[in-house]
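Examining the three-dimensional arrangement
Listed below are the residues making up each chain.
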Amino acid sequence: MRALRKHKYIYLMMLPVMVYFIVFYYVPMAGLALAFKDYTLKYGLIGNLFETPFVGFKHFEAFFSSVAFKQVLTNTILLSLYGIIFSFPAPIILALLLNELRVKWFKNTVQSITYMPHFISLVVISGIIIDLTSLNGLINTIIGALGGQKITFLLEPAYFRTIFVASEVWQQVGWSSIIYLAAIAGIDSEMYEAAVMDGAGRWRKIVSITLPSLLPTIMVLLILRIGQMLNIGVEKIILLYQPMTYETADVISSYVFRQGILNLQISYTTAVGLFNSAINFALLVCANWLSKKNDAEQLVVRRTIRNGCETFARRYRF
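In the nomenclature of an unreviewed UniProt entry, the protein is known as ABC transporter permease subunit of Cohnella ginsengisoli. What UniProt states about the protein under its Subcellular location (unreviewed entry) heading is, verbatim, "Cell membrane". Annotation of the protein in UniProt includes, under Sequence similarities (unreviewed entry), the sentence "Belongs to the binding-protein-dependent transport system permease family."

Tallied over the full model, the rule gives three salt bridges. A salt bridge links Glu 100 to Arg 202, with the shortest nitrogen-to-oxygen separation between them at 3.6 Å. Of this pair, Glu 100 sits in helix H5 (residues 89-100) while Arg 202 is found in helix H11 (residues 202-227), placing the two residues 102 residues apart along the sequence. By relative accessible area, which is 16% here, Glu 100 ends up buried. Judged by its relative accessible area of 46%, Arg 202 falls in the partly exposed class. With its nearest N and O atoms 2.6 Å apart, the salt bridge here joins Arg 258 to Asp 250. Accessibility expressed as a relative area gives 14% for Arg 258, which makes it buried.

What follows is about the packing of helix H6 (residues 104-115) against helix H9 (residues 157-185). Where H6 contacts H9, the two axes come as close as 7 Å, and the packing angle between them is 130°. Here H9 runs oblique to H6, going by the angle between their axes. For the pair formed by H6 and H9, the contact residues are Gln 111, Thr 114 and Tyr 115 on the first element and Gly 174, Trp 175, Ser 177, Ile 178 and Leu 181 on the second. When grouped by side-chain class, the residues that make up the contact of H6 with H9 number four nonpolar, four polar and no charged.

Core analysis: the biggest nonpolar cluster contains 20 residues, and Ile 92, Leu 96, Tyr 180, Ile 184 and Ile 218 have the highest contact counts within it. Mapped onto this core, the elements with two or more residues apiece are H5, H9, helix H10 (189-197) and H11. Residue contributions to this core peak at six residues, all from H5. Non-local contacts of Ile 184, meaning those with residues more than four positions away in its chain, are made with Ala 95, Leu 96, Asn 99, Thr 210 and Leu 214. Counting residues in hydrophobic clusters, the runner-up holds 15 residues, among them Phe 153, Leu 154, Phe 164 and Ile 232.

Locating Ser 267 in the fold gives a position in helix H15 (residues 266-293). Beyond its immediate sequence surroundings of up to four residues, Ser 267 is in contact with Leu 34, Ala 35, Lys 37, Asp 38, Tyr 39 and His 59.

Okay, the environment of Leu 214 next. Mapped onto the elements, Leu 214 comes out in helix H11. Its relative accessible area of 0% is what places Leu 214 among the buried residues. For Leu 214 and Ile 187, which are 27 residues apart along the polypeptide, the C-alpha to C-alpha distance reads 8.8 Å. Not counting residues up to four positions away in its chain, the partners in contact with Leu 214 are Leu 96, Tyr 180, Ala 183 and Ile 184.

Calculation criteria
Residues numbered from 1 in each chain as written. Predicted model: local features only at pLDDT ≥ 70, side-chain atom pairs only at ≥ 80, totals over all residues. Heavy atoms only, no water. UniProt positions renumbered as here; feature names shortened; annotations may be inferred. Salt bridge = Lys/Arg side-chain N within 4 Å of Asp/Glu carboxyl O. Helix = DSSP H or I, 4+ residues; strand = E, 2+ residues; numbered from the N terminus. Buried < 20%, exposed > 50% of the residue type's maximum accessible area, 1.4 Å probe, protein only. Axes fitted to C-alpha atoms, helices over the stretch in contact; angles between N-to-C directions. Parallel < 35°, antiparallel > 145°, perpendicular 65-115°, else oblique. Contact = heavy atoms within 4.5 Å. Nonpolar A, V, L, I, M, F, W, Y, C, P; charged D, E, K, R; others polar. Core = buried A, V, L, I, M, F, W, Y, C linked by side-chain atoms within 4.5 Å.

In structure tokens form, the structure reads like this:
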């Protein structure tokens, strides 16, 4: 209460955010009870949770025993892993490269160009992808000019994951690099000056100073990314996939949209969504636990690397 009185204006500023999360995130969680009931529209638009018949784990069992379970779970995990492998390191690499640029106007130009795709609507992005990969698009025009066979990329299951992940990297790499550039800007410049005096080159400064200093930021963002591992960008998938590409493109979120909105299987898709959220929560808890467990070791490693910068610089003369 003493802190509340002392910082009352700060808590007052926080109140709208708390109300927002309570109204739009916590109150709707009451609807999760539909996963254990057999809800239909005859109970009304919202439905009476007490009148809806209780069916236990019927919808979960139906999903786990369905043919779609293995397919959508596999696609979701693979797209998430590809995103972590390719999309997550890309902004780190871009931030490191931008940090090494010394020509200010060129650096600002590259930053502006890489930021722009983030602000383009997903509908427009999807339209660009469709146009580029169509039979008469730029990619097939180049293939045809080189004497190759034109390919309907978005109708071929084998190409969907590559197109999706590549477009995600292109769209988000610039925007995601901002936080790493901010972290790099906060690194003590005296460490770089000491490394230069000891003969360290650019590569040695990146390896021995920049990357170890970025580890806490990278770890936090990786934990958040793992916590959202099964939440793929469903909007882009819905705009790009076709029935012929369901085998590699259909994920849990798109499956929930198709079955819940189009086929009105509300209780069934609520169960599928609850399963998805439970797995995400478990992954987030595990990632956070591993981070805390290795935090002390990371501090020792970073301290060792920083203290050993002079030794490495003299030995390898970068």
